[in-house]
Amino acid sequence: MSGFDIVVIALVAFVVLVLVAGIKTVPQGYRYTVERFGRYTRTLEPGLNIITPFIETIGAKMNVMEQVLDVPTQEVITRDNASISADAVAFFQVLNAAQAAYQVANLQNAILNLTMTNIRSVMGSMDLDELLSNRDAINDKLLRVVDEAVGPWGVKVTRVEIKDIQPPKDLVDAMARQMKAEREKRAQVLEAEGMRNAQILKAEGAKQAAILQAEGKREAAWREAEARERLAEAEAKATTLVSQAIAAGDVNAINYFVAQKYTEAMASIGTASNAKIVLMPMEASALIGSLGGIGTLAREVFGEAQTGQRPVRNPSPVPPVNPSRE
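Since the model is a prediction, treat every value here as computed from it, not as a measurement.

## Side note on the overall build of the chain
Working step 1: If you tally the helices and strands in the chain, you get 8 helices and 8 strands.
Working step 2: Every one of the 326 residues in the chain was classed for burial, and the buried ones make up 24%.
Working step 3: For the chain, long-range pairs separated by at least 24 residues make up 65% of all intrachain contacts whose partners lie at least 6 apart in sequence.
Working step 4: As displayed, the chain offers around 22,300 Å² of accessible surface, 59% of which is attributable to carbon and sulfur atoms.

Structure representation (structure tokens):
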């Protein structure tokens, strides 16, 4: 092999070496920083890139995809001196590869320690009840604080989530007893309210029944009074008619009126509970004569109604009852 061939081969090898050193391929999801004599110059985007061989070199290969950082369990003492254990998970993404590469050393470790410190700070400023019931508020506060702290590093913290909060066992038992007592108290309150409502409804029903009963009695009394009024009007009308008949000289009307009163008086005496012997200071013939007058009057009335003619009166009527005779 001649010297010319060796030179050609060496030249070809040098060209290949230059191409290999100057052509860089960046995969998707990564950013490469370029350093010239150790100083940052630019950032290579995904795809085929060319750098100046032997002068520029690749500095840091930064992953710009969202990454998950597992935060280990931390012992936290709350504001009310309760000791709890809490662990979390953080999600972050590199937005500026140069800042993430040159502003902080060991980026993941820095974010991890920053998150752990803020977990103790945020959760230590709250009471135990707040920690157990306001987990979303804790997550929001942690996210705001950690994201603000890592901003100069070119990193964006997207989420910080508390995975688990574990109080001590004796505290858990005390909380269980408290919850049971609270539920029993609610049950007793609901039962008392139910009994009170039932008594109120029962009283309302009794009140309504009493009102309806009083209204019924009032209606019955009003109707009874009305019936008595109608009866009195009828009796007054009958008395007026008898008086008119007497004034007209109708002896049978007098006999009818007197016989009716005697009959009512006899009925009252006969139905008395303390009456054993009845003395009648009146003549039986007078009562019989009155009854005969009633019969004659009835025959006359019904006879007129059937024949349409007025019957001839008996010229010798039944002698009236002498009311002055005992």
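## As for the environment of I84
Working step 1: Here I84 shows up in strand β7 (residues 83–94).
Working step 2: If near-sequence neighbours (up to four positions away) are discounted, I84 is found in contact with Q74, E75, V76, T78, M123, L128, L131, I165, Q166 and P167.

## What to know about the side chain of N63
Working step 1: By secondary structure assignment, the location of N63 is in strand β5 (residues 56–63).
Working step 2: Of note is the side chain of N63, whose polar atom sits 2.9 Å from the backbone nitrogen of M65.
Working step 3: Ignoring anything within four residues of it in the chain, the contact list for N63 reads G29, Y30 and V94.

## Digging into a nonpolar patch on the surface
Working step 1: Among the surface-exposed residues, L11, F14, V15, L17, L19, I23, F37, L48, I50, F54 and I55 lie close enough to one another that they form a single nonpolar patch of about 1,200 Å² accessible area.
Working step 2: When residues of the nonpolar patch are traced back to their parent elements, those giving at least two are α1 (3–22) and β4 (47–50).
Working step 3: Among the elements that make up the nonpolar patch, the one with the highest residue count is α1 (5 residues).
Working step 4: The topology assignment puts I55 in the loop between β4 and β5.

## As for the packing of aromatic side chains
Working step 1: Counted under the stated rule, the structure contains 1 aromatic pair.
Working step 2: When the ring of Y40 is compared with that of Y102, the centres are 5.6 Å apart and the planes differ by 50 degrees; the resulting orientation is tilted. With a gap of 62 residues between them, Y40 in strand β3 (residues 39–44) and Y102 in helix α2 (residues 97–102) connect regions that are remote in the sequence.
Working step 3: Classification of Y102 as partly exposed rests on a relative accessible area of 39%.
Working step 4: R159 extends its terminal NZ or CZ atom over the ring of F91, reaching a point 4.4 Å from the ring centre.

## Digging into helix α5 (residues 135–150)
Working step 1: Taking 1.5 Å per residue as the helical rise, α5 with its 16 residues ought to reach 22 Å, and the 22 Å between its terminal C-alpha atoms agrees with that figure.
Working step 2: Buried within α5 are the following residues: I138, N139, L142, V146, D147 and V150. Angular distribution of buried residues about the axis of α5 spans 145 degrees; they occupy a single face of the element. Residues of α5 that are exposed and point more than 90 degrees away from the buried face comprise R144 and E148.
Working step 3: Residues of α5 that are buried in the fold lie against α3 (107–124), α4 (128–133) and β8 (155–166).

## Describing the sheet that holds strand β6 (residues 67–77)
Working step 1: Strand order in the open sheet made by the 3 strands is β6-β7-β8, with antiparallel pairing throughout. Every other strand in the sheet has two partners, leaving β6 and β8 as the edge strands with one partner each. Adjacent strand axes in the sheet meet at a mean angle of 20 degrees when their direction is disregarded.
Working step 2: In this structure, β6 lies alongside β7, joined through 9 bridges in antiparallel fashion. Its bridge partner being in β7, V71 is matched across the sheet by A88.
Working step 3: Of the strands in this sheet, β6, β7 and β8 are in contact with α3, which crosses β6 at around 35 degrees.

Conventions adopted
- Residues numbered from 1 in each chain as written.
- Predicted model: local features only at pLDDT ≥ 70, side-chain atom pairs only at ≥ 80, totals over all residues.
- Heavy atoms only, no water.
- Helix = DSSP H or I, 4+ residues; strand = E, 2+ residues; numbered from the N terminus.
- Buried < 20%, exposed > 50% of the residue type's maximum accessible area, 1.4 Å probe, protein only.
- Contact = heavy atoms within 4.5 Å.
- Areas by Shrake-Rupley, 256 points an atom, 1.4 Å probe, with all protein chains shown as cover.
- Polar contact = N/O pair within 3.5 Å; in protein donor to acceptor, adjacent residues only side chain to side chain.
- Patch = residues over 30% accessible without salt bridge, like charges linked within 9 Å, V, L, I, M, F, W, Y side chains within 5 Å.
- Salt bridge = Lys/Arg side-chain N within 4 Å of Asp/Glu carboxyl O.
- Phe/Tyr/Trp six-rings, centres within 6.5 Å; stacked < 30°, edge-to-face > 60°.
- Lys NZ or Arg CZ within 6 Å of the ring centre and 35° of its normal.
- Expected span 1.5 Å × (residues − 1).
- Arc of directions from axis to C-beta.
- Pairing = 2+ DSSP bridges.
- Axes fitted to C-alpha atoms, helices over the stretch in contact; angles between N-to-C directions.

Geometry only, nothing functional implied.
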